[in-house]
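Spelled out, the chains give:
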Amino acid sequence: MNKKFVLGIYDDEDVLLTAIENVRAAGTKIYEVFSPYPVHGIDDVLGIKRSRLPIAAFFFGLFGTSFALWMQIWMLGFDWPMIIGGKPHIALPSFIPVTFELTVLCAAHGMVITFFIVTKLKPSTKVPVFDKRSTDDKFVMAIEVKDGVTDLAALNDLLRTNGAIEVNQKEVLK
Amino acid sequence: MTEERLIISRKTNNKFFLMIAIGVVLLIVGIIAMAMGWGGEHHAVDAAHGEAAAHEPATWVKRLYVNLWLNNVYFSGIALIGVFFVAVQYVAYAGWSVLIKRIPEALGYYLPIGGAVMLIVFLLGGHDIFHWTHDYLYDVNDPRFDPIINGKKPYLNFAFFLIRMVVYFALWILFFNWLRRNSIAEDLQGGTNYYHKSIRISAMFLVVFGVTSSMSAWDWVLSIDTHWFSTMFGWYVFASWWVSGLAAITLTVIILKQNGYLKMVNANHLHDLGKFCFAFSIFWTYIWFSQFMLYWYANIPEEVIYFTERLSGYDGKYLGIFFANLVINFAFPFLVLMTRDAKRQMIMLKLVTIAILFGHWLDFYLMMMPATMRGDAGFGFIEVGTALVFLGVFLFTFAKGLSKASLVPVNHPFLEESIHHHV
């Protein structure tokens, strides 16, 4: 299905940030903003909430720690006890390096996999390019057009008065 | 940019003096109590040991010297870290830290005092702290001759030790003054000249620091356990100093901010300082573990004795401190500072930095006491008193240093960047 978008093109970071604030204040829902580089403070003005990924990471890490400790204690302490270097079967200090590595491994992989699942990114995902210049020196604000609801002329005015150097329309195959 | 002058009121200074006074009183009480043998617990224990406890019970003189040494090494380290922090920021072309730069800078004002105290305590109490300073160890005809210590003589001898100590402090004070002078001149004159010059000075200092911080750790801490050796030790002491220094900087920023200073410092700067405290608490643990695990695993008597003394030695006297060290310096900061919000809130940071500062004092306690005070170490009036005296003197010099210049380095080229710092 095709979707129509109005694209406001900006060439200044600060103008863009104020524009986002004003456009949102006017009650217009912004679909996405494309920038050639990360812009400080853009998450706040776009109203994007902080990711909860770190919380997931903590529990993945906790899982890694418990799994590693359980695995080593069970293997070396109960399943197949061996005397190594005259140490007790359950010799905690020697378990720490493996525990550390598994904590990091689980936290890292858990985070990446969670990220892919939450964002629904997969190898077949097609990401529409709205305007190629957003990879070079322009900022692109995309607003979805809902037929019969969106007042194109008013939107055009809103974007222009807030410093857009161009306002284009684009149809994207979603 | 507006200057911000710290005004140390008479009331604040009186608090520092009161701290020193209480410390002195506690010290005197502690010394009298020990000299008179009150609470004769030690003697009872020694009697029970009978022949096994061949050593004399430690006297109050020894206890005093060891405490002076412990606190002076700890506070001199924090002062040194102040200079190191500034140097690192310069060499890294860091912008975020400009607003808080005057705080680590002023930490260095303790260095001359630290040097003087170090010298005096070593000259007066060297025999009480360092086993290797006794001449009989090097005398082949003496029954107490020690071939191992004799082998270390080219490095561990009185003259060379003294020369090294003087050289470390001379270099540190030189670089501290040099950086500080440029920093203040920059306030008055402006321009980028002082900035570029400071980068060159800092680069030189980092080389000097890299060598002297490790060597001073061997000299002042490792050589107390004269027979023992650890290739990790320079790093271990550095990690302990560094994280306490970072905690001291963070705590000062918070206290100043809560008293209405450092208006432009915001949660973003605290966040970065918090990250430093968090990360280097883990770094310290990593060094601690690297040292511990290899010795524990290899279990070679002359190596593992260090940990045996601290775990099961002296009837497990140090066992509690040994684990408290890990809990306070690793588990607590690690768990509490893990979230972003904790690093951005003053109350959490304050809690953790105070814990870190106490924890690393304890860490130095654990490095020094078992080899000097052995079974007679304790937490009494002498420990608390000495620590209070040092804290009072340190805070007084630090606050005085802070008030000497504007808290905001008004002409630093990266000041604007620091004001708009955003994480």
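Here the structure is a predicted model, which is why all the values come from computation and not from measurement.

## Comments concerning the overall build of chain A
Step number 1: Along the backbone of chain A there are 5 helices and 4 strands.
Step number 2: The helix and strand sequence of chain A, counted from the amino end, reads β-α-β-α-α-α-β-α-β.
Step number 3: Its C-alpha atoms give chain A a radius of gyration of 25 Å, clearly above 16 Å, the size a compact globule of 174 residues would have.
Step number 4: Counting only C-alpha atoms, chain A reaches 80 × 35 × 30 Å along its principal axes.
Step number 5: When burial is assessed residue by residue, chain A has 17% of its 174 residues classed as buried.

## Digging into the overall build of chain B
Step number 1: For chain B, the helix and strand inventory stands at 17 helices and 0 strands.
Step number 2: The globule rule puts the C-alpha radius of gyration for 423 residues at 22 Å, and the 22 Å found for chain B is close to it.
Step number 3: Projected onto its principal axes, the C-alpha coordinates of chain B cover approximately 70 × 45 × 40 Å.
Step number 4: Out of the 423 residues belonging to chain B, those deemed buried represent 42%.
Step number 5: Partitioning the contacts of chain B with sequence separation of at least 6, the portion at a separation of at least 24 is 82%.

## Digging into the domain arrangement of chain A
Step number 1: Partitioning chain A into structural domains gives domain 1 (2-49 + 126-173) and domain 2 (53-119).
Step number 2: Computed over C-alpha atoms, the centres of domain 1 of chain A and domain 2 of chain A are 45 Å apart.

## Comments concerning helix α9 (residues 233-258) of chain B
All names here are of chain B.
Step number 1: Here α9 contains 26 residues, and its C-alpha end-to-end distance of 37 Å stays within 8% of the 38 Å for a straight helix at 1.5 Å per residue.
Step number 2: Most of α9 is tucked away, with 22 of its 26 residues classed as buried.
Step number 3: Directly after α9, the chain includes G260, whose backbone phi takes a positive value near 90 degrees.

## What to know about the interface of chain A and chain B
Step number 1: Contacts between the two partners involve 6 residues from chain A, matched on the other side by 6 residues from chain B.
Step number 2: Taken together, the residues of the side of chain A that touches chain B break down into 2 nonpolar, 4 polar and no charged.

## Structural notes on unusual backbone geometry
Step number 1: Of note, K120(A) is a non-glycine position whose phi angle comes to about 55 degrees, a positive value.
Step number 2: Structurally, K120(A) can be placed in the loop between α4 (92-119) and β3 (139-145).
Step number 3: By the C-beta count within 10 Å, which is 7 here, K120(A) ends up exposed.
Step number 4: Residues other than glycine seldom take positive phi values, yet Y93(B) does so here, at roughly 55 degrees.
Step number 5: Structurally, Y93(B) is set in the loop between α3 (60-91) and α4 (102-107).

## Side note on the confidence of the model for chain B
Step number 1: With 95% of its residues at a pLDDT of 70 or more, chain B shows a mean pLDDT of 92.
Step number 2: For this predicted complex, the interface confidence score (ipTM) comes to 0.85, while the overall pTM stands at 0.91.

## A word on the nonpolar core
Step number 1: Residues W69(B), V83(B), V221(B), V243(B), C277(B) and M368(B) are the most contacted members of the largest nonpolar core, which totals 107 residues.
Step number 2: The dominant element in this core, judged by the number of residues it contributes, is α3(B), at 19 residues.
Step number 3: When residues are assigned to domains, this core turns out to be shared by domain 1 (1-36 + 59-227 + 379-411) and domain 2 (264-375) of chain B, each giving three or more.
Step number 4: The residues contacting V221(B), other than those within four sequence positions of it, are V73(B), V237(B), M367(B) and M368(B).
Step number 5: With 19 residues, the next largest nonpolar core counts V6(A), V140(A), M141(A) and A164(A) among its residues.

## Here we look at the UniProt feature "transmembrane region" (unreviewed entry) in chain A
Step number 1: Annotation from UniProt places "transmembrane region" (unreviewed entry) at residues 55-75 and 95-118 of chain A.
Step number 2: Spanning residues 95-118 of chain A, this segment combines 100% helix with 0% strand, and its end C-alpha atoms are found 34 Å apart.

## With respect to the pairing of strand β1 (residues 2-10) of chain A
All names here are of chain A.
Step number 1: One ladder, built from 8 bridges, connects β1 with strand β4 (residues 166-173); its direction is antiparallel. Among the inter-strand pairings, L7 is bridged to a residue of β4, identified as N168.
Step number 2: In terms of strand pairing, β1 meets β3 through 7 bridges, oriented antiparallel. Bridge pairing in β3 links V6 to I143.

## Some remarks on the domain arrangement of chain B
Residue and element names in this part refer to chain B.
Step number 1: Examined at the domain level, chain B breaks down into domain 1 (1-36 + 59-227 + 379-411) and domain 2 (264-375).
Step number 2: With 14 residues of domain 1 at the interface, the matching set in domain 2 holds 14 residues.
Step number 3: Sort the elements by how many residues they give to the side of domain 1 that touches domain 2 and α3 lands first, with 6 residues.
Step number 4: Looking at the side of domain 1 that touches domain 2 residue by residue, the classes come out as 11 nonpolar, 1 polar and 2 charged.

## Details of helix α13 (residues 319-336) of chain B
Step number 1: Under the 1.5 Å per step criterion, the end-to-end length of α13(B) is 24 Å for 18 residues, consistent within 8% with the ideal 26 Å.
Step number 2: Taken together, the buried positions of α13(B) are N325(B), I328(B), N329(B) and P333(B).

## Some remarks on the sheet that holds β3(A)
Residues and elements named next belong to chain A.
Step number 1: Here 4 strands make up an open sheet; going across it, the order is β2-β3-β1-β4 and the pairing antiparallel. Because the sheet does not close on itself, it has two edges, and the strands there are β2 (32-34) and β4. On average, adjacent strands in this sheet sit at an angle of 30 degrees to one another, irrespective of strand direction.

## Overview of the packing of α3(B) against helix α16 (residues 381-403) of chain B
Residue and element names in this part refer to chain B.
Step number 1: Close contact between α3 and α16 brings their axes to 9 Å; oriented N to C, the two are set at 35 degrees. Crossing of α3 against α16: the hand is right-handed. Along the contact surface, α3 presents R63, L64, N67, L68, N71, N72 and F75, while α16 presents I382, E383, T386, A387, F390 and F394.
Step number 2: Considered class by class, the residues forming the contact of α3 with α16 number 7 nonpolar, 4 polar and 2 charged.

## What to know about the environment of V336(B)
Residues and elements named next belong to chain B.
Step number 1: Within the secondary structure, V336 is located in helix α13.
Step number 2: Expressed as a C-alpha distance, the spacing of V336 and F85, which sit 251 residues apart in the sequence, is 24 Å.
Step number 3: When neighbours within four sequence positions are excluded, V336 is seen to be in contact with A342, M348 and V352.

## A look at the packing of helix α10 (residues 267-298) of chain B against α13(B)
Residue and element names in this part refer to chain B.
Step number 1: Axis separation between α10 and α13 bottoms out at 9 Å; the angle between their running directions is 145 degrees. Crossing hand, α10 versus α13: left-handed. In this structure, α10 uses C277, F278, S281, I282, W284 and T285 to contact α13, whose residues at the interface are N329, F330, P333 and F334.
Step number 2: Here the contact of α10 with α13 is composed, by residue class, of 7 nonpolar, 3 polar and no charged.

Cut-offs applied
Residues numbered from 1 in each chain as written. Chains lettered and ligands numbered in written order. Predicted model: local features only at pLDDT ≥ 70, side-chain atom pairs only at ≥ 80, totals over all residues. Helix = DSSP H or I, 4+ residues; strand = E, 2+ residues; numbered from the N terminus. Rg over C-alpha atoms; globule rule 2.2 N^0.38 Å. Buried ≥ 20, exposed ≤ 12 C-beta atoms within 10 Å, placed from the backbone. Contact = placed C-beta atoms within 7 Å. Domains from an automatic or database assignment. Expected span 1.5 Å × (residues − 1). Nonpolar A, V, L, I, M, F, W, Y, C, P; charged D, E, K, R; others polar. pLDDT = per-residue confidence, 0-100. Core = buried A, V, L, I, M, F, W, Y, C linked by C-beta atoms within 7 Å. UniProt positions renumbered as here; feature names shortened; annotations may be inferred. Pairing = 2+ DSSP bridges. Axes fitted to C-alpha atoms, helices over the stretch in contact; angles between N-to-C directions. Left-handed = near helix turned anticlockwise from the far one by under 90°.

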